[in-house]
There are 2 protein chains.
Amino acid sequence: MKQSNYFLKTSKTFSEEDKIVSAKLLKQAGFIQESVAGRYYFLPIGHKVQQNIMRIIKEEMDAAGAQEMVSPTLHPLELWKETNRTNTTGFELMKVKDRRGSEFALGGTAEEMFVDLVRKYQLSYKDLPFQLYQFSNKFRDELRARGGLLRVREFMMKDGYSFHRNEEDFRVVYEEMKQVYTRIFKRLGLNTISVEADNGYIGGEYSHEFIVESEIGESRYFVSEDGTYAAHEDVAKFKRVPANAGEQELPFEIIEQPEWVKTMDDNVKHYKEDKSHFLKNVVYKNSVTGEIIIAVVTGDLEVNKTKLENVLRAVGQLIPAEDADLAALGTKHGYVHCWGHKGARYVGDVVLKDARNLIGGQKEDTTDSIHVNYGRDFTCEILADIAMAKPGDLSERGSVLKEGRGIEVGNTFQLGFHYTNLMKGAVYRDEDGMEKPYYMGCYGIGVGRTMAAIVEKYNDEKGILWPRSIAPFDAHLILLGTMTEDLKNEAEGLYTTLTKSGVSVLFDDRSELSAGEKFSDADLIGIPWRVVVSAKTMKEGKFEVKARNEKEAHLVNEEELLKKIKTQQ
Amino acid sequence: MKQSNYFLKTSKTFSEEDKIVSAKLLKQAGFIQESVAGRYYFLPIGHKVQQNIMRIIKEEMDAAGAQEMVSPTLHPLELWKETNRTNTTGFELMKVKDRRGSEFALGGTAEEMFVDLVRKYQLSYKDLPFQLYQFSNKFRDELRARGGLLRVREFMMKDGYSFHRNEEDFRVVYEEMKQVYTRIFKRLGLNTISVEADNGYIGGEYSHEFIVESEIGESRYFVSEDGTYAAHEDVAKFKRVPANAGEQELPFEIIEQPEWVKTMDDNVKHYKEDKSHFLKNVVYKNSVTGEIIIAVVTGDLEVNKTKLENVLRAVGQLIPAEDADLAALGTKHGYVHCWGHKGARYVGDVVLKDARNLIGGQKEDTTDSIHVNYGRDFTCEILADIAMAKPGDLSERGSVLKEGRGIEVGNTFQLGFHYTNLMKGAVYRDEDGMEKPYYMGCYGIGVGRTMAAIVEKYNDEKGILWPRSIAPFDAHLILLGTMTEDLKNEAEGLYTTLTKSGVSVLFDDRSELSAGEKFSDADLIGIPWRVVVSAKTMKEGKFEVKARNEKEAHLVNEEELLKKIKTQQ
């Protein structure tokens with residue numbers, strides 16, 4: 001491709017909003033252009049990279065036996081009603097009505113569509129398992145778009161859906177898909193960690209996120225030092241260290257307390273006990289039902305809203321209670337009791353079971369309670385894991401948890417019978433002649449976000465360094481200096497030779513640009529090999545070649561050049 | 001691909017609605033599945049064909065220097081407001097609002113998006129011309145979906161947009177694109193005719209439709225016998241044969257007329273003159289403005305609503321007037337006058353200019369007018385070409401027009417300055433330093449409709465016959481009879497050999513199906529070569545091979561088989 005004809009415009013300026021390196025570089029180097037916030041054009045060179053990423057995903061998916069197809073973008077809303085997903089506030093669904101009054105969802109994920117497709121056929125156990133997947137645009141009504149391709153409102157996603165006889169059958173494929181994903185990302189130049197994750201609006205049994213470590217990622221997770229456990233902060237399990245565990249229960253007492261003791265820190269100071277000895281109440285409101293929830297933990301713990309919502313089957317519905325909500329309970333911030341607020345639902349963390357003789361639980365201005373014991377002095381409607389892990393906590397196997405942060409580029413879900421139970425007729429005929437619901441899995445990769453993650457990893461102060469596997473071109477041929485006919489012919493000749501030998505070339509044949517401008521464009525764009533043709537190189541009968549990730553340029557003849565580009569990565 | 005694992009389910013039954021052959025065959029053979037009316041899943045084998053069609057389009061577009069990219073699916077509605085396309089009733093635009101209140105159009109075509117993209121850059125005449133194109137899903141809020149992939153509400157479309165300094169520069173590319181399109185469709189097995197067409201909601205100067213001849217197509221067009229003219233019925237020009245042309249104007253008279261003379265046929269009978277001697281009025285109402293339009297033609301002509309709308313710049317807005325509208329004019333059907341209806345706008349066909357001494361123009365129960373002459377006895381606000389051509393009419397060059405019917409698979413538009421005049425800032429800097437609007441062209445291909453057109457052409461009573469260029473597989477390998485280990489190995493061996501030599505194979509390894517069932521599936525699916533492995537062929541050390549479009553099967557050895565499949569089309 002000759003650059004003089006190519007719709008590729010680099011830019012020196014960038015918006016202050018683009019603090020995220022990948023957003024800044026992809027825009028400046030002319031790979032993407034914003035339409036409105038969170039919606040991007042993929043310009044010719046950016047489209048090439050996206051297609052290369054998709055090709056690698058497709059190769060690995062096909063090799064794993066998955067079959068590519070494509071479903072409509074507009075999903076009949078009735079299907080989403082069957083699975084109760086139209087009103088889940090956790091999922092930002094866009095809806096549209098046609099002029100005949102039919103309602104549609106703009107596909108965010110396509111579980112319903114694939115289940116609806118499969119239930120149109122009378123399949124038997126012999127047809128199982130199988131996996132269907134597609135590449136298609138997905139839509140999310142995000143309140144805030146962010147960071148170029150990292151959080152957008154419209155994006156290319158690979159989503160796959162597998163159908164099985166049972167969980168056992170599923171597990172084989174699920175494990176295989178983890179390998180497939182790891183392989184895909186590796187070919188894309190990314191090391192991923194697979195962490196247990198929340199199912200969120202997707203539903204089903206459990207799921208994993210594939211995360212690329214990055215400071216600017218939105219996914220925070222924990223990994224155990226022994227390498228046996230990795231989980232997203234939303235779901236990370238950890239060993240509790242209950243205060244006074246095993247001690248005898250002392251008599252409940254209400255005691256005097258100085259009025260200056262208000263916060264948890266005041267308490268620690270006053271009682272000379274660490275935070276784990278205190279009870280702590282956090283109040284939420286269910287934004288759908290209006291219900292008030294009091295989450296009870298010890299002072300060393302934070303409530304994990306995701307866990308709490310899952311326990312209550314109220315995904316995406318909890319919001320912090322406001323002053324008015326507390327007033328309605330007859331209390332205010334800092335004075336909530338572990339018991340006695342009528343109408344509120346109490347959910348306690350499992351730590352309460354083993355902790356003994358806690359401080360707090362009820363509080364007035366000048367009194368507090370001590371030797372408070374769960375079961376004896378108060379109980380909760382539910383006792384469950386509702387607390388957030390933190391660095392230094394122990395995994396259930398006793399290994400120290402370390403914190404990580406990264407970009408979620410893919411995910412896999414064990415959907416189980418979730419959708420096929422809700423959607424009537426999603427059954428196959430089993431060997432025993434009975435109709436049984438499919439057991440399902442689902443597997444997603446965000447293509448644009450993967451592209452951003454690659455740029456986050458492969459860049460320097462001058463621009464992008466595309467891994468060879470997905471680079472838009474193999475070589476950037478640059479013609480320098482006064483463009484004599486001879487020099488032009490020399491460059492054209494090399495362009496033809498390279499192209500014919502299977503090397504894809506972006507040929508910077510632009511006149512009126514200095515060497516500096518061409519080099520800085522080349523560095524910004526980040527094609528793996530830079531080849532220079534100039535009066536100087538021509539005189540020596542050679543070409544200057546430099547890898548984007550190396551400092552030194554080399555003078556080589558045509559044969560050496562071809563060998564270098566074709567064999568070196 | 002082994003058929004036992006492939007998500008490919010043929011069906012013997014089909015809906016009564018599927019009278020259109022391509023709809024019936026694509027569904028029965030398992031290429032597509034309806035979600036809801038007008039929205040289709042492309043199943044794995046159908047997706048393959050669609051991808052093959054897209055690949056060929058891409059190859060030819062790239063070879064012509066066009067550059068593939070992709071724009072967002074949701075278009076900011078403000079852009080459509082800039083070009084006044086949000087309320088054009090001729091175009092079935094779907095709109096959606098996000099939760100922050102921003103409005104979007106679901107892309108039907110993407111002129112605004114590409115103009116908006118290009119105007120974000122400061123380009124100069126040196127950057128011109130260029131063409132950008134994309135493959136993306138398009139949406140149309142059709143009232144009636146029809147005929148499988150022929151008229152749908154969501155479909156894959158290739159749309160390209162070219163940018164030029166001026167019309168001259170544009171014409172070169174436009175002519176080239178006509179060649180490119182002809183070549184694309186030829187590679188897809190389709191002969192197309194390029195006919196002048198209406199611009200409809202797209203706007204701009206003029207356009208062409210690429211039509212594949214077919215009885216079931218929705219596009220009716222005329223071709224002159226001398227081959228110099230082809231035009232869609234909406235725009236087809238033809239020579240008028242004005243009654244009494246050149247005669248002297250006789251004095252206007254109102255004469256008695258028997259009451260039984262009501263229709264045009266009655267008039268012909270009574271006056272013993274052919275239809276061209278009578279005036280005829282057709283009344284329309286503008287559904288947006290409420291205006292009443294009286295179109296005046298001679299009795300041998302029909303009003304062409306598209307031409308009339310274009311003359312009035314009221315694209316998609318005219319509807320037939322109702323009794324109430326006529327009553328408001330003080331008249332009723334059959335009694336409309338060529339003059340005197342206050343408030344109505346009169347638009348006459350050009351034939352009026354040269355016709356003389358016409359009959360009619362005003363009518364009461366027992367009187368009519370004769371020797372009516374345009375200019376003397378009545379005039380219209382506009383005189384223009386507003387009549388529909390018919391078979392037997394002459395082209396402007398005097399060659400007889402014949403009628404044709406077909407499927408519109410592509411179109412090209414000379415947009416001119418239409419969009420760049422409406423969208424502020426869509427300018428480049430010319431050699432003289434002045435900012436000038438781009439001159440534009442646009443080029444579309446409906447991928448799904450092309451697929452349907454191919455099936456319409458390539459089928460027989462047993463099923464589809466895919467042209468090799470887009471066939472989902474090259475060969476359908478069929479294993480017949482009792483599946484002994486030897487036989488299975490023989491077939492597996494051939495499968496491997498074929499695949500390794502670059503032949504793509506669908507391998508029907510399904511057990512429990514009779515030869516008849518497998519053959520009838522193969523015929524239905526329509527892969528170019530059928531290869532049979534059975535106990536019989538194995539005994540002879542050969543394979544049975546048959547082309548889908550031939551009757552005779554041949555026994556050949558492996559070498560002959562490979563040669564046949566790899567060299568014969």
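Rules and cut-offs
Residues numbered from 1 in each chain as written. Chains lettered and ligands numbered in written order. Predicted model: local features only at pLDDT ≥ 70, side-chain atom pairs only at ≥ 80, totals over all residues. Helix = DSSP H or I, 4+ residues; strand = E, 2+ residues; numbered from the N terminus. Buried ≥ 20, exposed ≤ 12 C-beta atoms within 10 Å, placed from the backbone. Contact = placed C-beta atoms within 7 Å. Pairing = 2+ DSSP bridges. Axes fitted to C-alpha atoms, helices over the stretch in contact; angles between N-to-C directions. pLDDT = per-residue confidence, 0-100. Parallel < 35°, antiparallel > 145°, perpendicular 65-115°, else oblique. Nonpolar A, V, L, I, M, F, W, Y, C, P; charged D, E, K, R; others polar. Least-squares fit on C-alpha atoms with pLDDT ≥ 70 in both.

Engineer: Give a detailed account of the overall build of chain A, specifying residues and quantitative values.
Structural biologist: Across its full length, chain A holds 15 helices and 30 strands. Across its three principal axes, chain A shows a C-alpha extent of roughly 100 × 65 × 50 Å. Counting over 569 residues, chain A shows a buried share of 46%. Considering only contacts in chain A between residues 6 or more positions apart, those separated by 24 or more positions represent 71%.

Engineer: Tell me about the sheet that holds strand 14 (residues 279-286) of chain B, and please be specific about residues and values.
Structural biologist: All names here are of chain B. Taken in spatial order, the 5 strands of this open sheet run 16-14-15-17-19, and their pairing is mixed. Either end of the sheet is taken by a strand with one partner, and the two such strands are strand 16 (318-320) and strand 19 (382-384). Strand-to-strand twist of the sheet, defined as the mean angle between neighbouring strand axes without regard to direction, takes the value 35 degrees. In terms of strand pairing, strand 14 meets strand 16 through 3 bridges, oriented antiparallel. Residue pairing across strands places Lys285 opposite Ile319, the latter belonging to strand 16.

Engineer: Give a description of the sheet that holds strand 4 (residues 74-76) of chain A that names residues and reports values.
Structural biologist: All names here are of chain A. Spatially, 3 strands are ordered 4-6-5 in an open sheet, and the strand pairing comes out antiparallel. Here the strands that pair on one side only, and so sit at the sheet edges, are strand 4 and strand 5 (94-97). Each strand axis lies, on average, 40 degrees off the axis of its neighbour in the sheet, ignoring direction. Looking at chain direction, strand 5 and strand 6 (residues 103-106) are connected through 4 bridges and run antiparallel. Bridging from a neighbouring strand, Lys95 pairs with Ala105 of strand 6.

Engineer: An account of the confidence of the model for chain A is needed here, citing residue identities and associated values.
Structural biologist: Detailed conclusions should not be drawn from predicted coordinates in areas where pLDDT is low. Scored by pLDDT, chain A has a mean of 94; 98% of the residues are at 70 or more. Quick note on the complex model: pTM equals 0.93, ipTM equals 0.93.

Engineer: Describe in detail the packing of helix 2 (residues 44-63) of chain A against helix 11 (residues 447-457) of chain A, supporting the description with residues and values.
Structural biologist: All names here are of chain A. Contact geometry of helix 2 with helix 11 gives a least axis separation of 10 Å together with a crossing angle of 105 degrees. In terms of axis orientation, helix 2 runs roughly perpendicular to helix 11. Contacts from Val49, Gln50, Ile53 and Met54 of helix 2 reach helix 11 at Val447, Gly448, Thr450 and Met451. Of the residues belonging to the contact of helix 2 with helix 11, the class tally is 5 nonpolar, 3 polar and no charged.

Engineer: Explain the interface of chain B and chain A residue by residue, including any values.
Structural biologist: At the junction of the two partners, chain B supplies 38 residues and chain A supplies 38 residues. Of all the secondary structure elements, the ones that give two or more residues to the side of chain B that touches chain A are strand 1 (32-36), strand 2 (39-42), helix 2 (44-63), strand 3 (67-68), strand 4 (74-76), strand 5 (94-97), helix 4 (111-118) and strand 7 (130-139) of chain B. The element contributing the most residues to the side of chain B that touches chain A is strand 2 of chain B, with 4 residues. The residue makeup of the side of chain B that touches chain A, split by class, is 21 nonpolar, 9 polar and 8 charged.

Engineer: Lay out the relation of the copies chain B and chain A with the relevant residues and their values.
Structural biologist: Overlaying chain B on chain A yields an RMSD of 0.1 Å, the required transformation being a rotation through 180 degrees with an accompanying axial translation of 0.0 Å. In symmetry terms, the pair is related by a two-fold rotation axis. Considering only C-alpha atoms, the part of chain B nearest the rotation axis is Val96 of chain B, at 2.8 Å. Taken together, the interface assignments show that 100% of the residues at the interface of chain B recur at the interface of chain A, consistent with an identical surface on both copies.

Engineer: Account for unusual backbone geometry, naming residues and giving values.
Structural biologist: Here Leu128 of chain A and Pro129 of chain A are connected by a cis peptide whose omega angle stands at -10 degrees. On the secondary structure map, Pro129 of chain A appears in the loop between helix 4 (111-118) and strand 7 (130-139). Of note, the phi angle at Arg313 of chain B is positive, near 50 degrees, even though the residue is not glycine. Relative to the helices and strands, Arg313 of chain B resides in the loop between helix 7 (305-311) and strand 16. Here Arg313 of chain B falls in the exposed class, since 7 other C-beta atoms lie within 10 Å of it. Its identity is not glycine, yet Asn357 of chain B carries a phi of approximately 50 degrees, on the positive side. Of note, Asn357 of chain B is situated in the loop between helix 9 (351-354) and strand 18 (367-370). Residue classification places Asn357 of chain B among the partly exposed residues on the basis of 17 C-beta atoms within 10 Å.

Engineer: Got a sec to walk through the pairing of strand 20 (residues 401-416) of chain A? Specific residues and values, please.
Structural biologist: Both faces of the sheet carry side chains from a regular strand, because those side chains alternate between them. Residues and elements named next belong to chain A. For strand 20, the buried fraction is high: 12 of the 16 residues fall into the buried class. Note that strand 10 (residues 206-213) and strand 20 share 8 bridges and pair antiparallel. Opposite His208, over in strand 20, you have Thr412 as the bridge partner. When strand 11 (residues 219-224) meets strand 20, the two strands line up antiparallel, connected through 6 bridges. Residue pairing for strand 20: Ser224 is matched across the bridge by Leu401. Pairing of strand 20 with strand 23 (residues 439-446) involves 6 bridges; the strand directions are antiparallel. Bridge pairing links Gln414 to Gly441 in strand 23.

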